[in-house]
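# A structural walkthrough
Listed below, chain by chain, are the residues.
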Amino acid sequence: MVAAALSAETSRAALFLAATAGNVLGALVNFALGRFAIRFEDRRWFPVSRHARQKAETLFARYGRPVLLFSWLPIVGDPLTLAAGLLRTPLGAFLVYVTIGKAARYAALLWLTPS
């Protein structure tokens, strides 16, 4: 995204919207896996290890839904979104927190990238 912003071939607004939407859609996949496909957790293709899921559930239990603001973080983000699905977080609340967190990440990246 930074490289695309530096090239100035695409507007920053379009980059921001595309990156945020794509990342939120990816988080929705993990949410759906947590809600509907957890029975496949032992399969090799499953995106989150059992250990990572357990750590995410502990964080979720301790801090509640606002922890989803950190779903953009590497290593921690995917298990958090999976745990949200497992714990039956309402989809609306999930989307609000995840979108705010991911949008803030891309806004900061674009703000820090010179024009």
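Residues numbered from 1 in each chain as written. Predicted model: local features only at pLDDT ≥ 70, side-chain atom pairs only at ≥ 80, totals over all residues. Heavy atoms only, no water.

Broken down by element type, the protein chain carries 5 helices and 0 strands. Viewed in the frame of its principal axes, the protein chain has a C-alpha envelope of about 45 × 30 × 20 Å. Relative to its 115 residues, the protein chain shows a buried fraction of 33%. Sequence separation of 24 or more characterises 70% of the internal contacts of the protein chain that already satisfy a separation of 6 or more. Split by element, the accessible area of the protein chain, about 6900 Å² in all, is 65% carbon and sulfur. Placing the 13 positive and 5 negative side-chain charges of the protein chain at their respective mean positions leaves the two points 5 Å apart. (Helix = DSSP H or I, 4+ residues; strand = E, 2+ residues; numbered from the N terminus. Buried < 20%, exposed > 50% of the residue type's maximum accessible area, 1.4 Å probe, protein only. Contact = heavy atoms within 4.5 Å. Areas by Shrake-Rupley, 256 points an atom, 1.4 Å probe, with all protein chains shown as cover. Lys, Arg positive; Asp, Glu negative; His and termini not counted. Charge placed at Lys NZ, Arg CZ, Asp CG, Glu CD.)

Look at the UniProt record and you will see "transmembrane region" (unreviewed entry) annotated at residues 15-38 and 59-76. Helix makes up 92% of residues 15-38 and strand 0%. Its end C-alpha atoms lie 33 Å apart. From the first C-alpha to the last, residues 59-76 spans 10 Å; its make-up is 28% helix and 0% strand. (UniProt positions renumbered as here; feature names shortened; annotations may be inferred.)

Bringing the nonpolar core into the picture now. Buried together is how nonpolar side chains tend to be arranged in soluble globular proteins. By size, the foremost hydrophobic cluster in this structure holds 12 residues: Val 24, Ala 27, Phe 31, Ala 56, Phe 60, Val 67, Leu 68, Leu 80, Ala 83, Ala 84, Phe 94 and Val 98. Contributing elements (two or more residues each) for this core: helix 2 (12-36), helix 3 (50-63), helix 4 (77-86) and helix 5 (91-112). Excluding residues that lie within four positions of it along the chain, Ala 83 makes contacts with Ala 56, Glu 57 and Phe 60. (Core = buried A, V, L, I, M, F, W, Y, C linked by side-chain atoms within 4.5 Å.)

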